[in-house]
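The residues making up each chain are set out below.
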Amino acid sequence: MSWFERFRKQRKPTKKEGSLTIPEGLWKKCPECRETFYRKELEENLYVCLSCNYHFPINVETRLSYLLDNYKELSAGIYPIDPLRFKDTKSYKERLREYQRKTGKPDAAVLVHGQMFDIEVICIILDYSFMGGSMGAVVGEKVTRGAEISLAMRVPFIAVSASGGARMQEGVISLMQMAKISCAIAKLKKAALPYISILTHPTTGGVTASFAMQGDILIAEPGALIGFAGPRVIQQTIKQELPEGFQKSEFLLEHGFLDIVVERSKLKDTIYTILTHLFKQDPPKC
Amino acid sequence: MMEEYFNKLDLLKEKIDRYKALGSSTGVDKELEKVRKEVIELYQKYRNKLSRWDRVILARYPNRPYTLDFVKAIFSDWVELHGDRFFADDPAIVAGIAKFKNRSVAIIGHQKGSNTKERVYRNFGQPRPEGYRKAVRIMQLAEKFNLPLITFIDTPGAYPGIGAEERGQAEAIARSLEVMALLRTPIVVVVTGEGGSGGALALSLGDKIFMLENAIYSVISPEGCAAILWRTQDKKEEAAENLHLTSYDLKKLGIIDDIIPEPPGGAHMYPEEVFLSVEKYIDKSLRELCEKRIETLIQQRGDRFRSIKFYKE
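Sequence order sets the numbering: in each chain, residues are counted from 1 along the sequence as written. Just so you know, chain letters begin at A and ligand numbers begin at 1, following the order they were written in. Local features are withheld for residues below a pLDDT of 70 in this predicted model, meaning they are given only at 70 or higher, and side-chain atom pairs are given and counted only at 80 or more; totals for whole chains, interfaces and linings count all residues. The side-chain values count all of the structure's non-hydrogen atoms but skip hydrogen atoms and water molecules.

**Description of the overall build of chain B**
Step number 1: Of regular secondary structure, chain B possesses 14 helices and nine strands.
Step number 2: For the radius of gyration, the atom set is restricted to C-alpha positions; the globular benchmark scales as 2.2 Å times the number of residues to the power 0.38. In terms of overall dimensions, chain B is globule-like: its C-alpha atoms have a radius of gyration of 20 Å, near the 20 Å expected for 313 residues.
Step number 3: Overall, chain B is about 55 × 50 × 45 Å in size when its C-alpha atoms are taken along their principal axes.
Step number 4: Any two residues having at least one pair of non-hydrogen atoms within 4.5 Å are treated as being in contact. Considering only contacts in chain B between residues 6 or more positions apart, those separated by 24 or more positions represent 73%. Comment: elements are numbered from the N terminus, with helices defined as DSSP H or I runs of at least four residues and strands as E runs of at least two.

**Quick word on the pattern of salt bridges**
Step number 1: We define a salt bridge as a side-chain nitrogen of Lys or Arg found within 4 Å of a carboxyl oxygen belonging to Asp or Glu. Within this structure, the stated rule accounts for 42 salt bridges over all chains.
Step number 2: Arg133 of chain B is paired through a salt bridge with Glu171 of chain B; the nearest N and O atoms lie 2.9 Å apart. Pair noted here: Arg133 of chain B is in helix H6 (residues 129-144) and Glu171 of chain B is in helix H8 (residues 169-182), with a separation of 38 residues, a long-range link.
Step number 3: Judged by relative accessible area, Arg133 of chain B falls into the buried class, the value being 18%.
Step number 4: What you see here is one network of salt bridges that share partners, running through Glu141, Arg145, Glu148 and Lys180 of chain A together with Arg306 and Glu313 of chain B. Here's how the labels work: a residue is buried when its accessible area is under 20% of the maximum for its type, exposed when over 50%, partly exposed in between, all with a 1.4 Å probe on protein chains only.

**Brief notes about the confidence of the model for chain B**
Step number 1: pLDDT is defined as a per-residue confidence score from the predictor, taking values between 0 and 100. When the pLDDT values of chain B are averaged, the result is 96; 100% of them are 70 or greater.
Step number 2: Across the interface, the model reports ipTM at 0.96; the global pTM reads 0.94.

**Looking at the domain arrangement of chain B**
Residues and elements named next belong to chain B.
Step number 1: Assigned domains within chain B: domain 1 (1-49) and domain 2 (50-306).
Step number 2: Note: domain ranges come from an automatic or database domain assignment. Each of domain 1 and domain 2 has a C-alpha centre, and the two are 28 Å apart.
Step number 3: Contacts between the two partners involve 17 residues from domain 1 and, on the opposite side, 17 residues from domain 2.
Step number 4: For any pair of parts, buried area is found by adding up, for both, the accessible area (1.4 Å probe) each one loses once the two are put together. Of the roughly 1,400 Å² buried between domain 1 and domain 2, counting both surfaces, carbon and sulfur atoms make up 56%.
Step number 5: If you look at where domain 1 meets domain 2, you find two salt bridges.

**A word on the interface of chain B and chain A**
Step number 1: In this assembly, 47 residues from chain B lie in contact with 59 residues from chain A.
Step number 2: At the junction of chain B and chain A, the tally comes to four salt bridges.
Step number 3: Residue Lys189 of chain A pairs with Glu178 of chain B through a salt bridge whose shortest N-O separation is 2.9 Å.
Step number 4: We define a polar contact as two N or O atoms separated by no more than 3.5 Å, with the added condition that, inside protein, one atom must be a possible hydrogen donor and the other a possible acceptor, whereas residues neighbouring each other in sequence contribute only through side-chain atom pairs. Across the chain B-chain A interface, the total number found is 14 residue pairs in polar contact (both at pLDDT 80 or more).
Step number 5: Elements with a minimum of two residues in the side of chain B that touches chain A: helix H7 (162-166), H8, helix H9 (197-201), strand E7 (216-218), helix H10 (222-229), helix H11 (236-243), helix H14 (294-306) and strand E9 (311-312) of chain B.
Step number 6: It is H8 of chain B that provides the largest number of residues to the side of chain B that touches chain A, a total of nine residues.
Step number 7: Classes in brief: Ala, Val, Leu, Ile, Met, Phe, Trp, Tyr, Cys and Pro nonpolar; Asp, Glu, Lys and Arg charged; the others, Gly included, polar. Considered class by class, the residues forming the side of chain B that touches chain A number 27 nonpolar, 10 polar and 10 charged.

Written out as structure tokens, the structure reads:
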């Protein structure tokens, strides 16, 4: 340890007399417009900024509570392994342990069977707070099972994505999840069961280039970053400034790659309405 | 140390090319035989020292055979087909129809260039969405006219650019995967060089997947991986080691069916030998796959990827 690191460690923040101790997380600052809000206030507004409409990333439980009336988790006991014994500045095993401790979850996806008003659905939600929602064997398996269970139960499938893409630490195994999922989704779609994909901030890489873009209906939250390559990679490649609003939901909508951009407060109703149109329709008699 | 190996190989390759330019005669053949012995000797001295990074170098070797070289050598009556019918033709992916041993087939592959001008024209083998949409069009053509599909994989990855994103790079790849998943014709995949991430996978969802011995297949380039995880590209060799991206790695992980051996020194040293081996593997695969009922084939195609399980429960 160098001297300044030791020095930094010893230094304790001094507290001015009479100042209040603000409990952590009482306030939340919007990363877009820098405005600060009471957490309670934000929570009541579904974690959407009251001044600029920025949609904060939300955890899986919150997301589920916004979408479903009740649910039961499926395949909760799938855990990641470290098939390549991957080690960069830290070992993959260590990283996994850290994120598992931090999030209390085994990996970056939660699969549930639940109820949206009167429609039964299977729903997969990616968790961006777990290694950037990256897709390794566990996420791949859960999305695949989601599609398979939907098909077996003959109920609609809903995927909510938030991911940096494939998980590098599982190498080509992560890449193969895209193929595995695509086979299951293709079968689901062929059986004419509705598959609705919700893209939230941010969704990039192998997740976008597989199931997130394979939905019968593609819906995004406002202002979400959605793309194949991340903006930094593109900038490094072309060595130009990126246009304003590039790769945001509204940009994709304008270019024809989304069906709708929907506010968080209207998401559940919108999905439900679409499902009532698509699900269990008799063939036209003409 | 390995630089020395590659330099020596380059010199020998130059010799081979110069002799070959003289045309075949008993004298020339004798000299070529001598050079081959040198190549073998050199190769045997270094073969066990080849690191994963060295395989990356070989997979990207500038005079390695590319898709159109395979097409020219293995197939006949080749007709190249262009365009995605929406926007443009993408020269980074070639597609068409041809004859393979009296059977008509469809072919799709990434295409790099063999000189600077062509490399730029082919965008260094990095497809834009148009390329994948052309590919999907040819896949569906193959399905409709009962042509088995053969794909050749060799790309650093799908192109990360403004236009590519505007036109839905991710959607184009996702669609290609979805179409291949249920395509009602046999699909044989040969990874010939770089299997670069989603841009490679997009054409690789097949019934048989082979890799040339010195080909690589990875979720991200070693440079990209090093830049993200080590925050410096200097760690690309370490990244390559960790990524397990060689044909031997993929065989061991059970992801590919087989490794197609390369001649001593690599495919670029004796391309005609590689063409012969690839031809044999395609022939054997097509014989096997064309015997199956189409429903069985599609079921097994899905099962093959379904069985890739690296988790505990």
